[in-house]
Amino acid sequence: MDTDALRLFVAAAERLNITAAGRDLGFAPAMSSNRLAKLERDLGTELLHRTTRKISISQEGEAFLPYAREILAQIDAGRAALGEGNLNPSATRFC
């Protein structure tokens with residue numbers, strides 16, 4: 001599962017704005033829409049209802065949102081346990 005797409009979904013659901021959420025994460029507007037659409041295809045459901053003027057969270061999106069947040073929290077915790085970017089954490093243990 002694409003964790004960047006999960007982060008985008010959570011941000012878009014919180015802000016109710018895909019473009020602003022994508023911009024915060026460094027994505028172009030078209031890329032943001034494409035990533036969310038792929039996430040929805042992968043999950044087999046619509047997470048966000050889109051119109052030309054606004055978005056809203058679907059019932060399925062509301063149900064999935066707490067799980068997406070938890071997945072991201074676990075990934076962030078795992079990365080923190082590895083030292084956030086230390087390319088070879090085991091090498092430092094034996095020095």
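See the structure shown above.
So, here is what we can say about the structure in this document. (Residues numbered from 1 in each chain as written. Predicted model: local features only at pLDDT ≥ 70, side-chain atom pairs only at ≥ 80, totals over all residues. Heavy atoms only, no water.)

Time to look at the overall build of the protein chain. Across its full length, the protein chain carries five helices and two strands. In sequence order, the secondary structure elements of the protein chain are arranged as α-α-α-β-β-α-α. Looking at the 95 residues of the protein chain, the share that counts as buried comes to 28%. Across the protein chain, contacts joining residues at least 24 apart in sequence account for 50% of those joining residues at least 6 apart. (Helix = DSSP H or I, 4+ residues; strand = E, 2+ residues; numbered from the N terminus. Buried < 20%, exposed > 50% of the residue type's maximum accessible area, 1.4 Å probe, protein only. Contact = heavy atoms within 4.5 Å.)

The next point concerns the packing of helix H1 (residues 3-15) against helix H3 (residues 29-43). Running from amino to carboxyl end, H1 crosses H3 at an angle of 105°, the nearest separation of the two axes being 9 Å. By the criterion of interaxial angle, the relationship of H1 to H3 is roughly perpendicular. In contact with Asp4, Ala5, Leu6, Leu8, Phe9 and Ala12 of H1, H3 contributes Ser32, Arg35, Leu36 and Leu39. Of the residues in the contact of H1 with H3, the class split is seven nonpolar, one polar and two charged. (Axes fitted to C-alpha atoms, helices over the stretch in contact; angles between N-to-C directions. Parallel < 35°, antiparallel > 145°, perpendicular 65-115°, else oblique. Nonpolar A, V, L, I, M, F, W, Y, C, P; charged D, E, K, R; others polar.)

The next thing to look at is helix H2 (residues 18-25). Helical periodicity: at 3.6 residues per turn, an α-helix aligns residues three or four positions apart in one direction. Listed in full, the buried residues belonging to H2 are Ile18, Ala20, Ala21 and Gly22. Where the residues of H2 are buried, they touch H1, H3, strand S1 (48-50) and strand S2 (55-57). Its side-chain oxygen 3.1 Å from the backbone nitrogen of threonine 19, asparagine 17 forms the N-cap of H2. Where H2 ends, the next residue or the one after it, glycine 26, has phi of about 85°, a positive value. (Polar contact = N/O pair within 3.5 Å; in protein donor to acceptor, adjacent residues only side chain to side chain.)

What follows deals with the nonpolar core. The biggest cluster of nonpolar side chains holds 21 residues, and the ones touching the most others in it are Phe9, Ala12, Leu36 and Leu48. Breaking this core down by element, the ones donating at least two residues are H1, H2, H3, S2 and helix H4 (59-81). Sort the elements by how many residues they give to this core and H1 lands first, with eight residues. Leaving out residues up to four positions away in the same chain, leucine 36 has contacts with Ala5, Leu8, Phe9, Ala12, Ile18, Leu48 and Arg50. (Core = buried A, V, L, I, M, F, W, Y, C linked by side-chain atoms within 4.5 Å.)

Throughout the structure, instances matching the rule amount to one aromatic pair. On the numbers, 5.9 Å between centres and 40° between planes, the contact of phenylalanine 9 with phenylalanine 64 is tilted. A residue pair is termed long-range when its members are at least 10 positions apart, and phenylalanine 9 in helix H1 and phenylalanine 64 in helix H4 qualify at 55 residues. For the pair shown, phenylalanine 9 and phenylalanine 64 are each scored as buried. (Phe/Tyr/Trp six-rings, centres within 6.5 Å; stacked < 30°, edge-to-face > 60°.)

Turning our attention to a nonpolar patch on the surface. On the surface, Met1, Tyr67 and Ile71 cluster together into a nonpolar patch covering about 350 Å² of accessible area. Mapping tyrosine 67 onto the fold places it in helix H4. (Patch = residues over 30% accessible without salt bridge, like charges linked within 9 Å, V, L, I, M, F, W, Y side chains within 5 Å. Areas by Shrake-Rupley, 256 points an atom, 1.4 Å probe, with all protein chains shown as cover. Salt bridge = Lys/Arg side-chain N within 4 Å of Asp/Glu carboxyl O.)

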